[in-house]
Amino acid sequence: MTDTTEASGDVTDTSEDVTDATDTTEPPQPRETVEVSVTLNGESVTQTVDAGTFLSSFLRRERYLTGTHRACESTTCGACTVLVDGDPVKSCNVLAAQVDGSDLTTVEGLADDDGSLHPVQRAFWDTHGLQCGFCTPGMVLSSIALLEETDDPSVDEIRTHLSGNVCRCTGYTKIIESVKRAAGATDD
Amino acid sequence: MTESGQRVDPSSEQTDERDAHEAGTGEDTLVGDRVNSYDGRRFVTGHGEYVDDIESPDMLHACFARSDVASADILGVDTSAAAAHPGVELVWTHADVADHVDEPFGYMLDDEVVLADERVVYQGQEVAVVLAVSRQAAREAADLVEVEYDAREAVTSLDAALAEDGPVVHPDLDADPETDTDGNVAWSGRVVAGDHEDPLADADVVVEGTFETNKTTPAPLDTHGCVAEYNPGSGTLELTSSTQMPHLLSVEIAAVIEGLEQRDIVCRLPDVGGGFGIKLDPFPFEICAALLSMETERPVKHVLDRTEEFLAGRGRAPVRLDGKLGVTDDCDIVGIDVDMAQDTGAHAAYGVAVGYSAANCGQGPYRIPNQHWDTSVVYTNVMPTTAVRGFGDPQVTFMREQLVEMAAAELGVDAVDLRLQNAPRQDDMPMRSAAGHVWRNSDVVTCLERTREMANWDDHRDGGRTREGKLRGVGMGTIMKRGGNKSASGGDFDEAVVKMNREGDVTVLTAVASIGQGTETAITQLVADTLGVAVDRVDAVRGDTDATPEGLGVWADRGTIIGGSAAARAAEDLAETLSAVAGHLLDVDPETVELVDGRAQDATDPERFVAIPELANVAMLGNPETLGPEDERPERLRNGISLVGRGKYQSQEVEFVDPDTGRGNVAHSYTFGALAVVADVDPRTGDVDVVDVAICEDIGNAINPKLVEGQVQGAIVQGLGEALYEEYAYDEEGTLLNGSMIDYHLPTAEDVPLITNTDKLENPDPTTSHGQKGVGECPLVPVSAAVANAVADATDVRFHSLPLSPQHVLPELVDAGLREL
Amino acid sequence: MATLRYVAPETVERACSLLAEYGDDAAVLSGGQSLLPTIRRRTAACDVLVDINDLDGRSFVERDDDQLRVGCLVRHADVADSSLVRETLPALADLAGSIGDVQVRNQGTLCGAVAHGDPAGDPPVLTALLDADVVVANTDGGRVLDGRSFYAGDHRTALETGELVTEVRFPVTDDGTGVAYEKWTPSGESYPVTTVGALVELDGGTVTEAALTTGALESKPTPMDEAAGVLLGEEPTDEVLDRVARTLGENASPSADHEGSVAFKRELATTVARDALGGAVARARGVQ
């Protein structure tokens, strides 16, 4: 019988090792901690966290990646947006446990190793699609996801795609222009 | 500097060289260039450091138990369960802080306490504070604090607040003969001009109405917060706060905390994710965090969560205005008579200045000889209000510009023509307005004409039907926005330092705070331009009360005018030294030395130059081997060649107003403009869809047009949010019903049009360093008026209150017989 | 407050036995978009989260004869983007594409929203309107519940403790029947204030079947039978549809709140119903 309060990383923990559907081993029990393995900005990371740890807290407090911001506590503003397997997701409303096995991208993972900006980052800066910067990581990541899906989105498509990212400073015009500019840049 | 670190936008000149002197203006200057924002690279890479990003191993976290009722006596507070919660260090109530603070306090009126004592005056007020090892533990423990309330009748409307024998929000203040508080009136005043006893006497037509604006919050994404760290060895408190005015904050905090003087407090800025005016007041949470750190000798952090930000983060005051405008048959505006009451919430904060300013500036960009304004600031048991982008102008403009269009309708003339007839002429300036403003070199006539043109006013006016069956109209609002403020701060000044290192790189020390608006970027441009260095080689240290000279922060549209001018003077000071050194080395008169493109060159023979890095090195070392004997050098090169320039800007223009008449030049300068909105009203739902916004403002000189556009667009969209979507909703007991981002509707990208129909005039202000005028707040001011005027044009239904959201619009359309299915 | 516990079973049987074991202390975590905010705000009653995302074979969107089957791990985004859904029940694709925003649609599941029973939720409206089959697993082998009677009130459904919704089966309508879903929201990032689902069957130019269900106005999806009755047997002219919509508006019983008065919400419901009716009639006629 697995001790549900067992410390992390213990080899006798059975909750992670069952992969076949016949389920002949001990079934998993609810645990207060969870081991989370992800590829985070290209790097393999495995860490044990409290079960109730939200992905935004995992990123900010456990991995010290504070570029993902929290601003609303109501899953509205999108400042916490990250990419999970390429899809934009609000990290304040997802448990770290739920992304076990996923490929995560945060804003810190976008620039090249030599420091060169991702074309979308460059477009935002050049177009002045940011002012105070608080919504920016989420905006940039949502925009990257959009451009993966649609080469040359229309203004309305950009609006709809970014409706889950609130900005208080720019009024959105230069954000939309930034995405358009990035679409042009990634055409090359 | 890596290519990716350069701030010059590479798109407009596709050269690999990334020439810092872009062809934006056709002149060889950075002023007017579309340089990228100073902090932008950090922000797009996620390396901003906002207050909640600050962590240290020894940090403790504060969380507040807040009142859940609007008005009550406190019978008892039981903190035992909270104190026993795991991870909790201590729990304080008023008794624990009373001996350490000088209460009541407040930015303008002393009407606040740090923790509630005998009563609470609004839902969300701080009652107890928990200090714990983690934010989660502090939050859980704060939920365990039990407060026994004896509920009182809450004052939740102006009518209730002004009723005789009604409940009083601050009975102590009312009873105190030292305060001006009278019942629930915190302050009242007037602004009078001309024949103010009967300002409408000469009018042939009088239009009138009662207008009520909405309570809103500008909702910066980055909530209020601070980290306080007290060093018991030196007796110094370091306060890192998400604030717009670090120096003034240190003054205010020192005034409240016993035993701390201004010199004991170092106030620094984190990156600030938006302020919009609500990050100015000294807040109870900042004072508590300071006291807690002094007690525990550990860093203490408190960051408001979004619910707390809605409850207690402060916002814009709703105002009721009873206004009358008098016009002659010849279309001259002869008088205005207004009685206005500002629902300032439970504490006045900046409210007195807002209420006063709205009246003084309420006349707008018009020549109105006879004015009578009665203005009062009234307490109610709801969230306090304070300075918010636009100050008091948006509310009064909502009234005034509708009265103007109502008058035009009654006279049978075009509303823009009516405005033009009554607008001041640039040729008549400098001049004094009736309310005492000194207007310089501004052309609102062209602003009005340009806006009319850009909005296709003539095509849209008088209502029409779109292809989708919506009712379309166009309406206008105007701007006469003060830049600078003395009454709230005692003077209007800023001082800056510009220093150069031995490699010729520059650092500006400025009190200006960066809250997203980009003033620091403009400052680096002015400084780089003056010193002839690349803008990428200029850094800015901002808002640090230890390191930066004193200034008043960013509010009242003063950042680039006052702060920018100070930095420009400091750069000039350093430039004089560099020119003197170069002149000495090149053996030419320093007057003929020009600093440009990284060189100090002889203007008459530019091939003769010293590279600035070399110049800096020589000046830094000051050796006789390179400069010759000291007594053979010019005065400026003796006794230590300083590579530190300093400059101060003190506005000589701003006046203290006459306390009796309320008149005076309340600001350093004024920005004029006009804004028009084309709106489609959906007769099936009451949705008002703004399809175009046109604006033209006279901003003096756009140091960085890209940043100016950003401010214009952002301000307009905030204005649209307040005009169409946002309002605080309280029940009769003063409980907030919509304090979340789901229920308080901030506009998203789907809700607003692209703002690209913008223009500017650049008639320079003769008093500022580069002619710049205020920019950041202005475009917001006329938006709700223009929207209401457009809707009136489209439907003949005039809205006297805000917002014009469907729940308010559709019933009116039904009543007017305009509702369609 | 008890510490949160988490478990990710890999079979439906195991999930059900955990739900049965922990009873009211447990909650199902699929997309989490509705559940997790309550966890974060510390208002959730549960402290055991049963994450069903490891269940195999639950991401299907299939047509099975006359039913469109959506498995419990299908996200709103998947429903919105599915060409099968767009062909067989376009109203469901419209609905799924209108929920929240891109991020929420990437995480939230249709079945999760059906099970959650939020009065302002979108999926419950079509579930009730079309009387979809809500397929439920439990330790007794499971059962199938009727969508029409699934909702009892504010976040209250016919689900019992220990039960898990494994799929929802929407009826595939014949040619001649059209379904539409329309809503009104105050701004881009809000919950709807009014939603209406409409079903219209036309035969020889007259309406032979009609159903209307509102959402967000009351504590659960509300069938508007009197209004639907006005339509029955009539030709769906503009005048008739206007009358039906007005009847619906008059019969709606919303509560006043910060989003508006009762009168306002009734007016909105009238307009939204009119749009839903127009859409359903167009689809019944074969016009998309």
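Residues numbered from 1 in each chain as written. Chains lettered and ligands numbered in written order. Predicted model: local features only at pLDDT ≥ 70, side-chain atom pairs only at ≥ 80, totals over all residues. Heavy atoms only, no water.

1. Side note on the interface of chain B and chain C
Of the residues lining the interface, 25 residues belong to chain B; the matching set on chain C comes to 22 residues. Between chain B and chain C, the buried area comes to about 1,900 Å², and carbon and sulfur atoms account for 56% of it. Of all residues in chain B, B:H745, B:Q807 and B:L821 give up the largest surface area on contact with chain C, accounting jointly for 31% of the area buried on that side. Counting across the interface, chain B meets chain C through three salt bridges. One salt bridge connects C:D275 with B:R684, and the closest N-O pair in it is separated by 2.8 Å. Summed over the shared surface of chain B and chain C, the number is 12 residue pairs in polar contact (both at pLDDT 80 or more). Listed by contribution, the elements that provide at least two residues to the side of chain B that touches chain C are helix 4 (135–142) and helix 21 (806–815) of chain B. If you tally residues by element for the side of chain B that touches chain C, the top one is helix 21 of chain B, at five residues. Residue classes in the side of chain B that touches chain C are distributed as 11 nonpolar, five polar and nine charged. (Contact = heavy atoms within 4.5 Å. Buried area = accessible area lost by both parts, 1.4 Å probe. Salt bridge = Lys/Arg side-chain N within 4 Å of Asp/Glu carboxyl O. Polar contact = N/O pair within 3.5 Å; in protein donor to acceptor, adjacent residues only side chain to side chain. Helix = DSSP H or I, 4+ residues; strand = E, 2+ residues; numbered from the N terminus. Nonpolar A, V, L, I, M, F, W, Y, C, P; charged D, E, K, R; others polar.)

2. Remarks on helix 11 (residues 262–284) of chain C
For helix 11 of chain C, built from 23 residues, the straight-helix expectation of 33 Å at 1.5 Å per residue is met to within 8% by its first-to-last C-alpha distance of 32 Å. Once helix 11 of chain C ends, the next one or two residues include C:G286, with phi positive near 90°. (Expected span 1.5 Å × (residues − 1).)

3. Things to note about empty space enclosed by the protein
Residues and elements named next belong to chain B. In the structure shown here, the tally under the stated rule is 12 cavities of 30 Å³ or more. When its volume is computed, the largest cavity comes out at roughly 570 Å³. Q517, T519, D557, Q711 and G776 are, among the 38 residues lining the largest cavity, the residues nearest its centre. Breaking the lining of the largest cavity down by element, the ones donating at least two residues are helix 15 (519–531), helix 16 (559–586) and helix 19 (705–724). (1 Å grid on protein atoms, 1.4 Å probe; cavity = no way out; pocket = protein on both sides within 12 Å on 5 of 7 lines; lining within 4 Å. Points joined across faces, edges and corners; volume = space filled by probe spheres on them.)

4. A closer look at a negative patch on the surface
Residues and elements named next belong to chain B. Taken together, the side chains of D195, E197, D198, D202, D204, D329, D330 and D332 make up a negatively charged region of the molecular surface. Structurally, D198 can be placed in the loop between strand 7 (185–193) and strand 8 (205–212). Classification of D198 by relative accessible area gives partly exposed; the value is 42%. (Patch = residues over 30% accessible without salt bridge, like charges linked within 9 Å, V, L, I, M, F, W, Y side chains within 5 Å. Areas by Shrake-Rupley, 256 points an atom, 1.4 Å probe, with all protein chains shown as cover. Lys, Arg positive; Asp, Glu negative; His and termini not counted. Charge placed at Lys NZ, Arg CZ, Asp CG, Glu CD. Buried < 20%, exposed > 50% of the residue type's maximum accessible area, 1.4 Å probe, protein only.)

5. Notes on unusual backbone geometry
Only a minority of non-glycine residues have a phi that is not negative, and only a minority of peptide bonds are not trans. A cis amide bond links B:E103 to the next residue, B:P104, at an omega of -5°. Position of B:P104 relative to the elements: it lies in the loop between helix 3 (94–97) and strand 4 (119–120). B:P430 follows B:M429 through a cis peptide bond whose omega is 5°. Of note, the phi angle at B:D462 is positive, near 75°, even though the residue is not glycine. Relative to the elements of secondary structure, B:D462 occurs in the loop between helix 14 (457–460) and strand 18 (464–465). You will see that C:D131, though not glycine, has its phi angle at about 50°, which is positive. Structurally, C:D131 is set in the loop between helix 8 (123–129) and strand 6 (133–137). By relative accessible area, which is 24% here, C:D131 ends up partly exposed.

6. Quick look at the pairing of strand 10 (residues 236–241) of chain B
Across a regular strand the side chains alternate sides, sitting on one face of the sheet and then on the other. Residues and elements named next belong to chain B. Two elements, strand 9 (residues 225–231) and strand 10, share six bridges in a ladder whose sense is antiparallel. Directly across from A228, in strand 10, lies its bridge partner L239. What sits between strand 9 and strand 10 in their antiparallel hairpin is a turn of four residues, with G235 showing a positive phi close to 70°. Across four bridges, strand 10 lies against strand 11 (residues 265–268) in parallel orientation. (Pairing = 2+ DSSP bridges.)

7. Focus on the domain arrangement of chain A
Residues and elements named next belong to chain A. When its domains are assigned, chain A resolves into domain 1 (31–108) and domain 2 (119–187). Just the C-alpha atoms count here: the centres of domain 1 and domain 2 sit 22 Å apart. Between domain 1 and domain 2, the contact holds 17 residues from the first and 13 residues from the second. Buried area between domain 1 and domain 2, both sides added, is near 1,100 Å², and the carbon and sulfur share of it is 66%. Ranking the residues of domain 1 by area buried against domain 2 places H69, T81 and V107 at the top, with a combined share of 39%. The interface formed by domain 1 and domain 2 contains four residue pairs in polar contact (both at pLDDT 80 or more). Every element with two or more residues in the side of domain 1 that touches domain 2 is listed here: strand 3 (81–84) and strand 4 (87–90). By residue number, the principal contributor to the side of domain 1 that touches domain 2 is strand 3, which donates three residues. (Domains from an automatic or database assignment.)

8. Digging into the packing of helix 11 (residues 393–411) of chain B against helix 12 (residues 415–422) of chain B
Residues and elements named next belong to chain B. Where helix 11 meets helix 12, the axes come as close as 8 Å, and the angle between the chain directions of the two elements is 110°. By the angle between their axes, helix 11 is roughly perpendicular relative to helix 12. Crossing handedness for the pair helix 11 and helix 12: right-handed. When helix 11 is examined against helix 12, the residues E401, V404, E405, A407 and A408 are found in contact with a partner set consisting of A415, L418 and R419. Grouping the amino acids of the contact of helix 11 with helix 12 by side-chain chemistry returns five nonpolar, no polar and three charged. (Axes fitted to C-alpha atoms, helices over the stretch in contact; angles between N-to-C directions. Parallel < 35°, antiparallel > 145°, perpendicular 65-115°, else oblique. Left-handed = near helix turned anticlockwise from the far one by under 90°.)

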